[in-house]
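Now for the letters of each chain:
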Amino acid sequence: MTHETQEPLVAGLLLAAGGGRRLGGRPKALLSHRGRPLVEFAVRQLREGGCEVVHVVLGASAERVRAEAELPGCVLVDNPDWAAGMGSSLRAGLASLRAAAVPVDAALVSLVDQPGIGARAVARVRAAYGSREALAAASYDGRRGHPVLFGADRWAGIAAGAVGDRGARDYLAAHRDAITLVDCSDVAEPYDIDTEADLVHLE
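*Asks:* What is the right way to read the environment of R166 from this model?
*Replies:* Looking at the element boundaries, R166 is found in the loop between α5 (155–161) and α6 (169–174). Taking the C-alpha atoms as reference points, R166 and G85, 81 residues apart in sequence, are found 7.7 Å from one another.

Here it is in structure tokens:
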């Protein structure tokens, strides 16, 4: 069977490099949620949503995350430039997917600090894959959010514009008409864990 006739491979790409500057410098990947590091929960949501292959971009306290979090089967990607912003982590993750032994058709990108976005939202956005040109994103009350899906033919353009904390924002704005918005308002909440006050969302 050739690759063309197989089920498309949509890999999960979890950006988990943040240093939690407004959380007293606690790396977000290691915040406790349901008794385990938050990064484990985020990986599980990707897997349960249908992403068998998961690449995780680490940055702040990467060695601690590797030691304390159980992430079997994940490809762990170190981003030494994590402090430069999310763009560098997105570039590192896409480069890792591009180098994967098995060709990946699309990346489904999620953020470690959004535990309100679970497997059901992942599955919905993943189902929007149509080709390696695909662009899709969850939407919440009409506003675009995560997770987002990038077909592999889009990666070079996305990486070229991923600077600072903007990630894929500029690329998505420039290609607004190509994006399939997938309403996830009924199955997920897109809050971020950024400040001490946000820790109320963790269990």
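*Asks:* Honestly, the pattern of salt bridges in this entry has me stumped. Any pointers?
*Replies:* Between side chains of opposite charge, pairing is possible as soon as their charged atoms come close. One pass over the full model with this rule turns up 12 salt bridges. Note that R124 and D186 form a salt bridge whose closest N and O atoms lie 2.7 Å from each other. One end of the pair, R124, is in helix α4 (residues 119–126); the other, D186, is in the segment after β9 (180–183), and 62 residues separate them in sequence. A relative accessible area of 30% places R124 in the partly exposed class. Given the relative accessible area of 55%, D186 is considered exposed.

*Asks:* So what exactly am I meant to see when it comes to empty space enclosed by the protein here?
*Replies:* Leftover empty space is mapped by rolling, across the atoms, a probe with the size of a water molecule. The tally for this structure, following the rule as stated, stands at one cavity of 30 Å³ or more. As for the largest cavity, its lining consists of 14 residues, of which A42, S110, L111, Q114 and I117 are closest to the centre. Elements supplying a minimum of two residues to the lining of the largest cavity: α1 (38–48), β6 (106–111) and β8 (143–151). Sort the elements by how many residues they give to the lining of the largest cavity and α1 lands first, with four residues.

*Asks:* Would you mind showing me how to read helix α3 (residues 86–98) here?
*Replies:* Each turn of an α-helix holds 3.6 residues, which means side chains three or four residues apart point in the same direction. Over its 13 residues, α3 extends 18 Å from the first C-alpha to the last, a length consistent with the 18 Å expected when each residue adds 1.5 Å. Those residues of α3 lying buried are G87, S88, S89, L90, A92, G93, L94, S96 and L97. Where the residues of α3 are buried, they touch β1 (10–16), β4 (54–58), β5 (75–78), β6, β8 and α5.

*Asks:* Before we go on, may I ask you to explain the nonpolar core in this structure?
*Replies:* In terms of nonpolar packing, the biggest core is built from 42 residues, with L14, V39, V56 and L149 touching the most fellow members. Broken down by secondary-structure element, the contributors of at least two residues to this core are β1, α1, β4, α2 (62–68), β6, α4 and β7 (135–140). Here this core gets six residues from one element, more than from any other, and that element is α1. Excluding anything up to four places from it in sequence, L149 contacts V10, A106, A107, L108, V125, R126, Y129, A134, L135 and A136. A92, V104, A168 and I179 belong to the second-largest nonpolar core, a separate cluster that totals 27 residues.

Reading the values: the criteria
Residues numbered from 1 in each chain as written. Predicted model: local features only at pLDDT ≥ 70, side-chain atom pairs only at ≥ 80, totals over all residues. Heavy atoms only, no water. Helix = DSSP H or I, 4+ residues; strand = E, 2+ residues; numbered from the N terminus. Salt bridge = Lys/Arg side-chain N within 4 Å of Asp/Glu carboxyl O. Buried < 20%, exposed > 50% of the residue type's maximum accessible area, 1.4 Å probe, protein only. 1 Å grid on protein atoms, 1.4 Å probe; cavity = no way out; pocket = protein on both sides within 12 Å on 5 of 7 lines; lining within 4 Å. Points joined across faces, edges and corners; volume = space filled by probe spheres on them. Expected span 1.5 Å × (residues − 1). Contact = heavy atoms within 4.5 Å. Core = buried A, V, L, I, M, F, W, Y, C linked by side-chain atoms within 4.5 Å.

No statement about biological role is implied by the geometric values presented.
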